[in-house]
Amino acid sequence: MNELKPAQAVLLVAGRELNTKLRTRSFVIGTIVSIVVLAVFVLLQSSSFDDQARSTVGLSGQATALGPQIVESAKQLGHDVQIIDIADPAQGEQQVKDNDLDALVTGPVGSLQVTVKDNLNTELRNTLNGLMRQQILTSELAAADLDPKEVLGTAAAAQVTVKQLEPRGDDQGQRLVIGLIVAFLLYMALMIYGQMVAQGVVEEKSSRVVEILLATVRPWQLLTGKVLGLGLVGLIQFALIAIVGLIAGLGTGALTISGTAVVSVIAGLFWYLIGFFFYATIFGAVGSLVSRQEETQSVLTPVTMVIVIGFIFAINLLISNSDSTLTTVMAILPPFAPILMPGLTAMGIAPIWMQVASVLLSLGGIALVAWLGGRIYSNAVLRTGSRVRLKDALSS
């Protein structure tokens, strides 16, 4: 029997893992559930945005004269207001309690009173405050024998001059949300499929299936094939979820920056592959140190802690300090780059040099852990019984 070539052996193992996992009910159900949850989340966000951008306002008494001005002023602030005339203020208050009205406006134009159930929408508050101030100013100007229209026109035309040192687009909020979602999906994928590699190694070792497999392929080929196969499984699931989320976001209007969203998904898929090969190789290597599933978590904890810390740091840095030196340094280091760099790319604040440096260092990191992981796996995978010490696996 001819010996398999290295590439053939790796692809054979990868195909076995891919075929086995894609057929499992857990993969199919998990993918469907994830897609449904993400789609529902996007729809809820879209509905929430629509609700926040629209208010139903009741006007009573002298305030009814302000209807057209309220609608026009709120529209300039990007807020849609529907006006309802209320004959009885008491009835209007009851409608506010019943959530039929977001606000009830009563009183003379110069001293309006607003009744709400809990909080007054910021745009609506600014609209009413602006109209009331304008009314008071008009009255004062008329008393001073000045032309209110001329003075108000001059005041309205006065604007501050803004000098932007590091200008960012108006879509920065959406970019941040996309970056956070991509970072979270990457974190979940690395944790789930990375640990799946370790669990598969332990399962094969405890059942002695690995001894049969190693009669045909070499240890490093078995580890590489397992990482490649499960990585493709995770990539397929991640891509399906991301594409559905992208379509739902663009379809509902929750996302309006299609170019950025598409680039973010592509960057997320690319960094998933880099992060997975980096961490999955480590997971597989440390998984070979034990022979029982109940011992798996004890050897995986240090690796999972690095991923958890990287995720927590990434989220905090993206939200509060995305352009700091600390963020730049962490984004180019292999343990943290797969989670942090996609977020920075989505936000549009990762220059080309940073992305290139991050990719090169990550590829170097993959080569290093592949060499160390292959050595550990080769020396430990056939040792059953008690846990193999890391020092012994490296020195054998």
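Reading guide: rules and limits
Residues numbered from 1 in each chain as written. Predicted model: local features only at pLDDT ≥ 70, side-chain atom pairs only at ≥ 80, totals over all residues. Heavy atoms only, no water. Helix = DSSP H or I, 4+ residues; strand = E, 2+ residues; numbered from the N terminus. Buried < 20%, exposed > 50% of the residue type's maximum accessible area, 1.4 Å probe, protein only. Contact = heavy atoms within 4.5 Å. Axes fitted to C-alpha atoms, helices over the stretch in contact; angles between N-to-C directions. Parallel < 35°, antiparallel > 145°, perpendicular 65-115°, else oblique. Left-handed = near helix turned anticlockwise from the far one by under 90°. UniProt positions renumbered as here; feature names shortened; annotations may be inferred. Pairing = 2+ DSSP bridges. Phe/Tyr/Trp six-rings, centres within 6.5 Å; stacked < 30°, edge-to-face > 60°. Salt bridge = Lys/Arg side-chain N within 4 Å of Asp/Glu carboxyl O. Core = buried A, V, L, I, M, F, W, Y, C linked by side-chain atoms within 4.5 Å. Polar contact = N/O pair within 3.5 Å; in protein donor to acceptor, adjacent residues only side chain to side chain. Nonpolar A, V, L, I, M, F, W, Y, C, P; charged D, E, K, R; others polar.

1. So, the overall build of the chain
Part 1: A count of helical and extended segments in the chain gives 15 helices and 4 strands.
Part 2: Across the 396 residues of the chain, 42% fall into the buried class.
Part 3: In the chain, once contacts between residues fewer than 6 apart in sequence are set aside, the share between residues at least 24 apart is 73%.

2. A look at the packing of helix H13 (residues 337-347) against helix H14 (residues 352-380)
Part 1: Between H13 and H14, the shortest axis-to-axis distance is 11 Å and the interhelical angle comes to 160°. In this view, H13 runs roughly antiparallel relative to H14, as classed from their interaxial angle. Handedness of the crossing formed by H13 with H14: left-handed. Along the contact surface, H13 presents Ala 337, Met 341, Leu 344 and Thr 345, while H14 presents Met 354, Gln 355, Ser 358 and Ser 362.

3. Some points on the environment of Val 96
Part 1: Locating Val 96 in the fold gives a position in helix H4 (residues 89-97).
Part 2: For Val 96, a relative accessible area of 3% corresponds to the buried category.
Part 3: With residues near it in sequence (within four places) discarded, Val 96 still touches Leu 101, Ala 103, Leu 104, Thr 115, Val 116 and Lys 117.

4. Brief notes about the UniProt feature "transmembrane region" (unreviewed entry) in the chain
Part 1: According to UniProt, the positions carrying the feature "transmembrane region" (unreviewed entry) are residues 26-44, 176-196, 227-250, 262-287, 299-319, 326-346 and 352-373.
Part 2: Note that residues 299-319 is 100% helix and 0% strand, and that its end C-alpha atoms are spaced 32 Å apart.
Part 3: Helix makes up 100% of residues 352-373 and strand 0%, with an end-to-end C-alpha separation of 31 Å.

5. Regarding the pairing of strand E1 (residues 54-59)
Part 1: When you tally the buried positions in E1, you get 5 out of 6 residues, the bulk of the element.
Part 2: Relative to strand E2 (residues 80-85), E1 is paired through 6 bridges, and the arrangement is parallel. Within the sheet, the bridge partner assigned to Thr 56 lies in E2 and is Gln 82.
Part 3: Bridge count for E1 against strand E3 (residues 103-106) is 3 bridges, and the pairing is parallel.

6. Points about the packing of aromatic side chains
Part 1: Inspection of the entire model under this criterion finds 5 aromatic pairs.
Part 2: Seen from their ring centres, Phe 270 and Trp 271 are 5.7 Å apart, and the 80° between their planes marks the pair as edge-to-face.
Part 3: Assessed through its relative accessible area of 4%, Trp 271 is described here as buried.
Part 4: Joined through ring pairs, the aromatic side chains of Tyr 272, Phe 276 and Phe 277 make up one cluster.

7. Describing the pattern of salt bridges
Part 1: Scanning the entire structure with this criterion turns up 2 salt bridges.
Part 2: Measuring nitrogen to oxygen at the nearest pair gives 3.2 Å for the salt bridge that ties Glu 17 to Arg 16.
Part 3: For the salt bridge of Lys 226 with Glu 17, the shortest nitrogen-to-oxygen distance reads 2.6 Å. Taken as a pair, Lys 226 in helix H9 (residues 219-252) and Glu 17 in helix H1 (residues 6-22) lie far apart in primary sequence, 209 residues in all. Here the two residues Lys 226 and Glu 17 agree in accessibility, since each one is buried.
Part 4: Sharing partners across several salt bridges, the network here consists of Arg 16, Glu 17 and Lys 226.

8. Observations concerning the nonpolar core
Part 1: Core analysis: the largest hydrophobic core is formed by 72 residues, its most contacted members being Phe 276, Leu 340 and Leu 344.
Part 2: If one sorts the elements of this core by residue count, helix H7 (residues 172-206) sits on top with 14 residues.
Part 3: Not counting the four nearest positions on each side in its chain, Leu 344 is found in contact with Leu 318, Ser 322, Thr 327, Ala 331, Ile 349, Ala 350 and Met 354.
Part 4: Core analysis: the next-biggest nonpolar cluster, separate from the first, contains 15 residues, Ala 63, Ala 74, Leu 112 and Leu 124 among them.

9. Some remarks on the side chain of Thr 31
Part 1: Note on placement: Thr 31 falls in helix H2 (residues 25-52).
Part 2: In this structure the side chain of Thr 31 is engaged in a polar contact, spanning 2.7 Å, whose partner is the backbone oxygen of Phe 27.
Part 3: In contact with Thr 31, other than residues within four places in its own chain, are Gln 237 and Leu 240.

10. Let's talk about the sheet that holds E1
Part 1: Taken in spatial order, the 4 strands of this open sheet run E2-E1-E3-E4, and their pairing is mixed. Two strands bound the open sheet, and with one partner strand each, they are E2 and strand E4 (113-115). Here the average twist between neighbouring strands, direction ignored, is 30°.
Part 2: The pairing of E3 with E4 spans 3 bridges and is classified as antiparallel. Note that in E4 the partner of Val 105 across the bridge is Val 114.
Part 3: Of the strands in this sheet, E1 and E2 are in contact with helix H3 (residues 67-76), which crosses E2 at around 170°.

11. Describing the packing of helix H12 (residues 325-332) against H13
A pair of packed helices is characterised by two quantities: the angle between their axes and the separation of those axes.
Part 1: Between H12 and H13, the least distance of the axes is 7 Å, while the angle of their chain directions is 125°. Judged by the inter-axis angle, H12 sits oblique to H13. Considering only the axes of H12 and H13, their crossing is left-handed. Judged by residue contacts, Thr 327, Met 330 and Ala 331 of H12 engage Ala 337, Leu 340, Met 341 and Leu 344 from H13.
Part 2: Residues of the contact of H12 with H13, tallied by class, amount to 6 nonpolar, 1 polar and no charged.

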